[in-house]
Amino acid sequence: MTISYHWLSEYLPVSLSPEKLSEILTSIGLEVESLSHYESIKGGLEGLLAGEVLTCEKHPDADKLKLTTVDIGATEPLQIVCGAPNVATGQKVIVAPVGTTLYPLKGDAFSIKKAKIRGIESQGMICAEDEIGLSEHHDGIKVLPPDTTPGMKIADLFAVYRDYIFEIGLTPNRMDAMSHLGVAKDVCAYLSHHEKKSHTVNLPFPNNLVSDHARTEFQIVIENSEACKRYAGVSIQNIQVAESPQWLQQRLLAIGLRPINNIVDITNYILHETGQPLHAFDADSIKGNKIIVKNVAEGTVFKTLDDKERKLTSNDLMICNEKEAMCIAGVYGGAESGVTNHTKNIFLESAFFEGSVIRKTSLQHGLRTDAATRFEKGTDISNVVNVLQRAALLIKETAGGVISGEIIDVYPQPTEKTQVKLSLGYLTKLSGKIYPQNDVKNILIALGFEIVREHEGSLEILVPFSKPDISIQADIVEEIMRIDGLDNIEIPTSITITPSVEKQKDNFSAKEKTSGFLVGMGFREIFTNSISNSGYYNQEQLSKCVKMINSLSAELDILRPDMMHSGLQVVAHNLNRKNNNQKLFEFGKTYIVDAEKKYSEKNHISLFITGNLSEKGWREEVRKADYFYIKGVISNIIKLLGFGNIRFDASKEKTTVIISNTSVGHFGEVAGELLKKFDIKHPVFFADLDWDQLLSLKRKAIQYTEIPKFPFVSRDLALLVDKNVSYSALEHIALTGKISQLKKVELFDIFESEKLGKDKKSIALNFTFLDESKTLTDKEIDGFMQNIVANFEKEAGAEIRK
């Protein structure tokens, strides 16, 4: 939220420095993230002087340059080389002497230095408008009025507006502070409490709006009173749409808004003054002189102010005339009913729209306007007419015209204020500070609350309409603590706690161990958004996705059903920045819903690998990421966590990871079609483990054994098998063959050739044996090998290669 110091100060009963105001705002929970100095003309025209051109002659060595002498009120005139075609003797001009810093509209600031131009010394610069930030004109130097005195400061000639700008970090619940008046109320409450004297806001609302014509020209009908609880308007005739007065333009520019015309600028001014959005219609476009607030048919096409045609939904609240829609209520105006330079009569709207309705429409159509932001957070329903009167008089002041008819105020069911009972004991318990009851009353009254009843140890309070977020005791406590000052809460000398046992200790320990291992392997941890884009998935997949009711944007509308897409976004982002070698991992959650509308949430760990695993060096060649590398990483993670009996079931699309006959995840190379969606041209290997399923399995307890006293024995075996027989299947057969002395099976060669036979391949395996009680004999090892071969022949149809 951007707040102007001078603007805010108008509503305060006392003068405060920008620094003091900054301290107060931060103390009351309106954290000032930055305080900056603002100038309507950057640099404030500092150092620039008025000068009179005494002589102007052609430069002896340049056709387009002129040699001038300029009087700037000093003892001696300055010699300046000038390239402007319009410079002439007798002109009053803007001069930048040596040492002056200029801030042009385009480009960086620069300082004027004494220089030789084509052999002649130049002692300054005669300036054009764009060179000093006055305008974009660069047709020649700026010529001042003839009566300008040489030596006069240019900053005095052109009124430079100076201000201080506060950038306030507002929390989402503080809609009451989304305006200069809202902030002023908080500051006055703070001053009243700490100075023990009443300070009230200088309110700008008039009570003297008088109609210039007695008749009421327009009728207002609210068909959807749930979405629009109050609607007011007034007609103003014979206005003159023109440029806004200087004071209004300066106020808007200071907070970063571009002035448009006096009518639009007044509505923007009122929005930032009071927090109440307004909308001005061209009254001549309101057919039938009737305004109807209603929903229109699904699919109705409506052209908005930006000349885009949008298909409306049946949930969109519209402002209509007798024949057609004119405006998306609280969000955006229509192309046919907006104020133009030719508008003579307007109808000014001030209304209260339900925040949830406005938010849905705003997100549906991608229109995140200032008005929509205010309405969705809540506005002050009691202030609708006051603000309308204020705006009408400002328009009459800046655009002329007459108020034709009384204000029309349609308020079908007046809203009652929220009542909250505050226990002072609860206040002490939650805040950690004992507040005197009288101080509590004064703070609340200063903030606009009403004390309905007062009891010993409690208060019954009516909440002002300007604070729609307040509904429970804790909200009232927060208000009291803010105004008293959050820094005034004493730090206790002792802390009382109840020891607790962490139920998810094993989960955190496993995560920490796994993360440490992966980081040691050169992986980097990533954190991605659990909200994803439905456009990534087909209809069958979308049927299992959890859809968001109030999505953050059109692109982020579902909770992610898998970890792959959000990770690939990170991979693509880094590849686009020439970071081609990536090893990433993420702990995250996925969300799905089944046909019976049962929702489930699962924890996962995912890995992404692309590019080279190592760079080329004098000791090694470049090694690219591949299937076997990611398989090895997955194997090591599972072993690290204490699981045995791992099996891999490979298919064309992916390889499934199986532990004790339970699937715990999968890995493989990402399909090319999916990579195209993210414009990724490099191979990417992906692994996903169901973390919840993995940790639910029984793990082996860590056991320590002494180094074997007897030697390991190795044997090699070459098998001829069908091409579809995998190494993991052979490993499983060997390790489940009830040979306790077999400690390890390793693959060391695969050979394929037509000479082996159709659809055949050769697999070479190494077997490691150990008997911890004795040295194995050749006869015993031969027996083990015969047993293994028999199992291979029986279960895999293998043949022994001679």
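Note: the structure precedes this text.
Now for a description of the structure that goes with this document.

Thresholds, definitions, all that
- Residues numbered from 1 in each chain as written.
- Predicted model: local features only at pLDDT ≥ 70, side-chain atom pairs only at ≥ 80, totals over all residues.
- Heavy atoms only, no water.
- Phe/Tyr/Trp six-rings, centres within 6.5 Å; stacked < 30°, edge-to-face > 60°.
- Helix = DSSP H or I, 4+ residues; strand = E, 2+ residues; numbered from the N terminus.
- Buried < 20%, exposed > 50% of the residue type's maximum accessible area, 1.4 Å probe, protein only.
- Salt bridge = Lys/Arg side-chain N within 4 Å of Asp/Glu carboxyl O.
- Pairing = 2+ DSSP bridges.
- Polar contact = N/O pair within 3.5 Å; in protein donor to acceptor, adjacent residues only side chain to side chain.
- Contact = heavy atoms within 4.5 Å.
- Core = buried A, V, L, I, M, F, W, Y, C linked by side-chain atoms within 4.5 Å.
- 1 Å grid on protein atoms, 1.4 Å probe; cavity = no way out; pocket = protein on both sides within 12 Å on 5 of 7 lines; lining within 4 Å.
- Points joined across faces, edges and corners; volume = space filled by probe spheres on them.
- Nonpolar A, V, L, I, M, F, W, Y, C, P; charged D, E, K, R; others polar.
- Axes fitted to C-alpha atoms, helices over the stretch in contact; angles between N-to-C directions.
- Left-handed = near helix turned anticlockwise from the far one by under 90°.

This part covers the packing of aromatic side chains. Inspection of every chain in the model, using the stated rule, returns 17 aromatic pairs. Relative to Y164, the ring of Y5 has its centre 6.0 Å away and its plane inclined at 85 degrees; by these criteria the two rings are edge-to-face. You can see Y5 sitting in helix α1 (residues 5-9) and its partner Y164 sitting in strand β13 (residues 162-169), a full 159 residues away along the chain. The class for Y5 is buried, based on a relative accessible area of 10%. Joined through ring pairs, the aromatic side chains of Y627, F628, F648 and F667 make up one cluster.

For the coordinates displayed, the defined rule picks out 33 salt bridges. In this structure, D186 and R174 form a salt bridge, with 2.7 Å as the shortest nitrogen-oxygen distance. One end of the pair, D186, is in helix α4 (residues 180-195); the other, R174, is in the loop between β13 and α4, and 12 residues separate them in sequence. Of the two residues, D186 and R174, both sit in the buried class.

This next bit is on the pairing of strand β40 (residues 684-690). Buried residues dominate β40, accounting for 7 of its 7 residues. Burial of β40 is two-sided: the residues V684, F686, D688 and D690 facing one way and the residues F685, A687 and L689 facing the other way are all buried. The pairing of strand β34 (residues 599-610) with β40 spans 7 bridges and is classified as antiparallel. The residue of β40 that forms the bridge with H604 is D690. Across 5 bridges, strand β39 (residues 662-669) lies against β40 in antiparallel orientation. Following the sheet pairing, E669 is matched in β40 by F685.

You can see T148 is positioned in the loop between β12 (143-144) and α3 (154-157). Of the polar contacts made by the side chain of T148, one reaches the backbone oxygen of P145; its length is 2.8 Å. The residues touching T148, leaving out its near neighbours within four places in the chain, are A50, K92 and L157.

Attention shifts here to the nonpolar core. Across soluble globular proteins, you tend to see nonpolar side chains buried next to one another. Among the nonpolar cores identified, the biggest contains 77 residues, and L25, V187, I263, I395, V440, I476 and I480 are the most heavily contacted of them. For this core, the leading source of residues is helix α9 (residues 384-399), giving 9 residues. Setting aside its immediate chain neighbours within four residues, L25 contacts L30, E31, V32, F166, I168, V183 and V187. Among the nonpolar cores identified, the runner-up in size contains 32 residues, and F302, I358, L367 and F375 belong to it.

Right, let's talk about empty space enclosed by the protein for a bit. Tallied over the full model, the rule gives 1 cavity of 30 Å³ or more. One number sums up the size of the largest cavity: a volume of about 50 Å³. Lining the largest cavity we find K42, G43, G44, L45, E46, L48, T101, L102, Y103, E131 and I132. Within the lining of the largest cavity, the residues separate by chemical class into 5 nonpolar, 3 polar and 3 charged.

For the pair helix α7 (residues 355-364) and helix α8 (residues 370-377), the least separation of the axes is 7 Å and the interaxial angle reads 145 degrees. Where α7 crosses over α8, the two elements pack in a sense that is left-handed. When α7 is examined against α8, the residues G355, I358, R359 and S362 are found in contact with a partner set consisting of A372, F375 and E376. Across the contact of α7 with α8, the residue classes break down as 3 nonpolar, 2 polar and 2 charged.

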